[in-house]
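Descriptive structure summary
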Amino acid sequence: MHLCLKFVCNNQEFYLGKKDQVYYPADIEVINGIEASEYEVLYTNYAVGDGAYLNGKRVLPRPIHIEGSVRSAGDSELVRSQMRRFFNPKYTGMLYIDRNGIQRKIEYEVEGLTFGDGHLYSNHEFILDIICLLPMWMDVDDFGRNMAEITPLFTFPWMPLRAKTAVKDHPRRGYAGQVMGYRTLRKWVYLKNDGDVSTGIRIVFRARGNVVNPKITLRSTGQFVRIITEMQKGDRIEIDTTNRNQTIKMNGENIYNRIDRQSQTFEIKPGGDYLEYDADENYTALDVDLFYTPLYLGV
């Protein structure tokens, strides 16, 4: 059993808790707020009759409350000074949690840091309060997938791809030759989302030739994003469907005004979904990279 918190802020790190046989300078005695945030149901009462109708639901910002103490009395003043300097309310930080092997991260703001009364040679106790304005925990890794990847088949001169040991009487002694393969022309791919809620996705179109009006579609709903533009070789279009951060850029320039008016941005639902890409002309000249991060209600 272990609980380790790593705070990253302003290019610095600070650890609380323990992991395996590693004990960090400050211990965690109480922690609240990591399991679930508070929810709010928005509704309006019927003017006549019983009940109400639903307006919406939302997850409120997540407060996290931590109580702990410095492990060694001899280090109390040093650790107290380090914590006071590190947990600066002027900066936004990222909290990484490892709870018995489950790892998540979340962005935070400092609300307060206080130390209990004690003399110079006692173990200082502390209370740390942070607030996470975006309440969902994120996977520590971003997942990526190229929908138009190359599948290796064999090498030339022909040799098995795993042949890294010497091959008897072969002049190249186990060095594989040029890898031969094929480009995947299947236009759809399944993205797995093991998170608790839907998550936005970042789509990157990269042109290897002239491409007209690239498009990405969520197959379960038919929602799509289509960009009315002609891409030249080397052009790059980035589409971000993340809630509150929806952008469309071409070579770094905002081109949201070129979106097809029937387009609807979408997110990947829990469990996963199929995405399909296309273009009005020359879709085979596209590389399509997909990036997303599963989101969780608690740890």
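Look up: the structure comes first, before these words.
One structure accompanies this document, and this report is about it.

**Description of the overall build of the chain**
Looking only at helices and strands, one finds one helix and 25 strands in the chain. Across the 299 residues in the chain, those meeting the buried criterion constitute 38%. Within the chain, residue pairs in contact and separated by at least 24 positions form 68% of the contacts whose partners lie at least 6 positions apart. Accessible area for the chain stands at about 17700 Å²; split by element, carbon and sulfur atoms hold 48% of it.

**Considerations on the pattern of salt bridges**
A full pass over the atoms with the stated rule returns 12 salt bridges. We note a salt bridge from Arg236 to Glu238, for which the minimum N-O separation is 2.9 Å. Bridged by salt links that share partners, the residues Arg206, Arg208, Asp287 and Asp289 form one connected network.

**Regarding the sheet that holds strand S16 (residues 201-207)**
In space, the six strands of this open sheet follow the order S12-S24-S16-S20-S21-S22, with antiparallel pairing throughout. Among the strands making up the open sheet, the edge pair consists of strand S12 (143-146) and strand S22 (253-254). Sheet topology note: the S16/strand S20 (residues 236-240) ladder contains five bridges and is antiparallel. From the neighbouring strand, Ile203 faces S20, where its bridge partner is Ile239.

**Section: the packing of aromatic side chains**
Inspection of the entire model under this criterion finds 11 aromatic pairs. Look at Phe7 and Phe87: their rings are 5.0 Å apart centre to centre, the planes differ by 85°, and that puts the pair in the edge-to-face class. Of this pair, Phe7 sits in strand S1 (residues 3-9) while Phe87 sits in the loop between helix H1 (76-86) and strand S8 (93-99); the two residues are 80 residues apart in sequence, bridging distant segments of the chain. Like Phe7, the residue Phe87 is buried in the burial classification. Considering the side-chain rings of Phe14 and Phe86, the 5.8 Å spacing of their centres and the 35° angle between planes classify their relative orientation as tilted. A residue pair is termed long-range when its members are at least 10 positions apart, and Phe14 in strand S2 (residues 12-19) and Phe86 in helix H1 qualify at 72 residues. For the pair shown, Phe14 and Phe86 are each scored as buried.

**Points about the nonpolar core**
Judged by nonpolar contacts, the single largest core of 29 residues is most densely connected at Ile201, Phe205, Ile216, Ile237, Leu275, Val288 and Leu290. Where this core is concerned, the elements lending two or more residues are strand S15 (188-191), S16, strand S17 (211-218), S20, strand S21 (247-250), strand S23 (273-281) and strand S24 (286-292). Discounting chain neighbours no more than four positions away, the residues touching Ile216 are Met147, Ile203, Phe205, Gln223, Phe224, Val225, Phe266, Leu275, Glu276, Tyr277, Val288 and Leu290. Judged by nonpolar contacts, the second largest core, of 28 residues, contains Phe14, Ile28, Ile64 and Met83.

**Here we look at the side chain of Asn213**
Mapped onto the elements of the fold, Asn213 is located in strand S17. A distance of 2.7 Å separates the side chain of Asn213 from the side chain of Asp280, its partner in a polar contact. Apart from residues lying up to four places away in sequence, Asn213 is in contact with Arg226, Ile227, Ile228, Thr229, Asp278, Ala279 and Asp280.

**Quick notes on the environment of Pro135**
Mapped onto the elements of the fold, Pro135 is located in the loop between strand S10 (125-132) and strand S11 (137-139). For the pair Pro135 and Pro61, spaced 74 residues apart in the sequence, the C-alpha separation amounts to 5.1 Å. Leaving out residues up to four positions away in the same chain, Pro135 has contacts with Ser37, Val59, Leu60, Pro61, Arg62 and Ile106.

About the cut-offs
- Residues numbered from 1 in each chain as written.
- Predicted model: local features only at pLDDT ≥ 70, side-chain atom pairs only at ≥ 80, totals over all residues.
- Heavy atoms only, no water.
- Helix = DSSP H or I, 4+ residues; strand = E, 2+ residues; numbered from the N terminus.
- Buried < 20%, exposed > 50% of the residue type's maximum accessible area, 1.4 Å probe, protein only.
- Contact = heavy atoms within 4.5 Å.
- Areas by Shrake-Rupley, 256 points an atom, 1.4 Å probe, with all protein chains shown as cover.
- Salt bridge = Lys/Arg side-chain N within 4 Å of Asp/Glu carboxyl O.
- Pairing = 2+ DSSP bridges.
- Phe/Tyr/Trp six-rings, centres within 6.5 Å; stacked < 30°, edge-to-face > 60°.
- Core = buried A, V, L, I, M, F, W, Y, C linked by side-chain atoms within 4.5 Å.
- Polar contact = N/O pair within 3.5 Å; in protein donor to acceptor, adjacent residues only side chain to side chain.

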